[in-house]
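Summary of structural features
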Amino acid sequence: MEALSVLPEALMLRPLGDAPVTGVAYDSRSAGPGDLFVAIRGEKADGLQFASEAVARGAVAVISDRPVPSSWGKAAWIQVESPRRALALLAAKIAGNPAEKLVLAGVTGTNGKTTTTLLLQSLLASRYGEAGFMGTVGYSTGRRESAAPRTTPEAPVIQTLLAEMAADGVPAAAMEVSSHALALDRVLGCRFDLAIFTNLTHDHLDFHGSMEEYFQAKRTLFAIRKPSAPGIVNADDPYGARLAREIEPPVVTFSALDRDADVRAQAIRCDLAETSFEVRHATGAFRVVSPLAGRFNVENLLAAAASGVALGVSADRICEALAAVRRVPGRFERVEAGQPFPILVDYAHTPDALERLLLAVRDLTDKKVVLVFGCGGDRDRVKRFPMGRIAGRLADLPILTSDNPRSEDPESILDEVERGVVASGAERYLRVTDRREAIAAAIAIADRGTVVLIAGKGHETTQVIGDQELPFDDRRVAAELLERA
């Protein structure tokens, strides 16, 4: 019963009795003896439909926002206002509130989360000895590494991973915190020692409905900081500037454009080999040199540097930690197979990210840019036209192809993207629906005066077509095609 102390408003409609509570589950297939089963209404299924199965597997009670069904048996039933909130609070309580035992950094924003979080992991490891990671490219606790089905997992998974870190003596962790996770209360039960905002641009409006709701979801992270925990905010972003004004202090702002901010980047130099710039703040300056190429990485590196400054990390240690991150999977990642032209794979899948990627390449080289890209199905359709227009405007040869079409007709998706390309006034483009064939076409066209960009899927190792999840890794496919060329 102690676990239920975090739900003082709960109504015990069917008594729990003396049954011991040992866990919490939201998927009936993973429920076991001693679990509380939280019935969540999802987009595709209602957890209440599986409550009986959870009890049959040993769950000691069902937690729901609805009253006891007339046909329900004798198993305990607890009614709450928000099952998702209950799930998160119970998961943290049962796991022993591990976030309180760690130095926990959270990164939110539309673009740059993964890179910034990996940089923060390196910084925290340098400062505290070791650090875990949770994000789009995987989860790492010190004990084990695992694939990431989603950027920020459900609350029981978060708490299990944090508890593993605490049990193994890992003192710190860096976590990507998605807007979905914030809106759905997945990180409730965590309090953060550091919260970072990268930027806010068009994405996920199919879920949030508007940019204002999207912003409010991101803002939630800064309301669950520990006392005196700094908020690190990008002052160059309009939503970041607003956030810095509205959240509780302390706030540390940063600017990659050398605008009025607490931490600023100056004397920026970028090429295909490295990025360097001077970090200036109230009490000093130091130069960061990183193997992460692309001007957009200045923002990510500066966000991490500003975090180090806020935590009181020495300049030398900040520089060493940032330089230690040599690559980020699927982010401006080079494919090397002896070809005489560069191939870069990037996760850019929003209008802003695609524009940043193309401008970064234009900034680094005068070579012609061949771009392979597409848009996912069953997701925010509004971004398809602008992504096509950006590709047509900034790439020398856009090649339109499938991303993860999911249940949508790939040709219908490409029709919407193509309208944007045409509207850009692009004189030349290709439309190749099969992604492997599109990458092959780009490689066949490329020469020493070309850069090939493959955008949209980045680190992903599968492609979702219809109800099938098929093996597909842009990096591996490009390398295989080069070997056969």
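First, a word on what this report is: a plain description of the structure on this page. Being a predicted model, the structure only gives us computed values, none of them experimental. (Residues numbered from 1 in each chain as written. Predicted model: local features only at pLDDT ≥ 70, side-chain atom pairs only at ≥ 80, totals over all residues. Heavy atoms only, no water.)

Turning next to the side chain of S276. Its place among the elements puts S276 in strand β15 (residues 275–281). According to the relative accessible area criterion, S276 is buried, its value standing at 6%. Within the local environment of S276, its side chain forms a polar contact with the side chain of R287, the two groups lying 3.3 Å apart. In contact with S276, other than residues within four places in its own chain, are A267, I268, R269, R287, V288 and V289. (Helix = DSSP H or I, 4+ residues; strand = E, 2+ residues; numbered from the N terminus. Buried < 20%, exposed > 50% of the residue type's maximum accessible area, 1.4 Å probe, protein only. Polar contact = N/O pair within 3.5 Å; in protein donor to acceptor, adjacent residues only side chain to side chain. Contact = heavy atoms within 4.5 Å.)

Our focus in this paragraph is the sheet that holds strand β18 (residues 343–346). Taken together, the six strands give an open sheet; going across it, the order is β17-β18-β22-β19-β20-β21, and neighbouring strands pair in mixed fashion. With one partner strand each, in any of the chains shown, β17 (333–334) and β21 (430–431) form the two edges of the open sheet. Inspection of the sheet shows strand β20 (residues 397–400) paired to β21 by two bridges, in the parallel sense. Residue pairing in the sheet places I399 in a bridge with L430 of β21. On top of the sheet, helix α12 (residues 384–394) reaches β19 (368–373) and β20; it is set at about 160° to β19, its chief contact. (Pairing = 2+ DSSP bridges. Axes fitted to C-alpha atoms, helices over the stretch in contact; angles between N-to-C directions.)

Looking at the element boundaries, H281 is found in strand β15. For H281, the contacting residues outside a window of four places in its chain are D262, V263, F286 and V309.

Relative to the helices and strands, L200 resides in the loop between β11 (194–197) and α6 (205–208). Taking C-alpha positions, L200 is 16 Å from T117, a pair spaced 83 residues apart along the chain.

To continue, consider the pattern of salt bridges. Summed over all chains, the structure comprises 35 salt bridges. Between R435 and D474 there is a salt bridge, with its nearest N and O atoms 2.9 Å apart. Separated by 39 residues along the polypeptide, R435 in helix α14 (residues 435–445) and D474 in helix α15 (residues 474–484) bring together distant segments of the chain. In this structure, R435 and D474 share a single accessibility class: buried. Note that R436 and E480 form a salt bridge whose closest N and O atoms lie 3.5 Å from each other. On the criterion of sequence distance, the pair formed by R436 in helix α14 and E480 in helix α15 is long-range, its members being 44 residues apart. Assessed through its relative accessible area of 33%, R436 is described here as partly exposed. Residue E480 is classed as partly exposed on the basis of its relative accessible area of 26%. In the salt-bridge network here, residues are joined through shared partners; they are R41, D46, D65 and R66. (Salt bridge = Lys/Arg side-chain N within 4 Å of Asp/Glu carboxyl O.)

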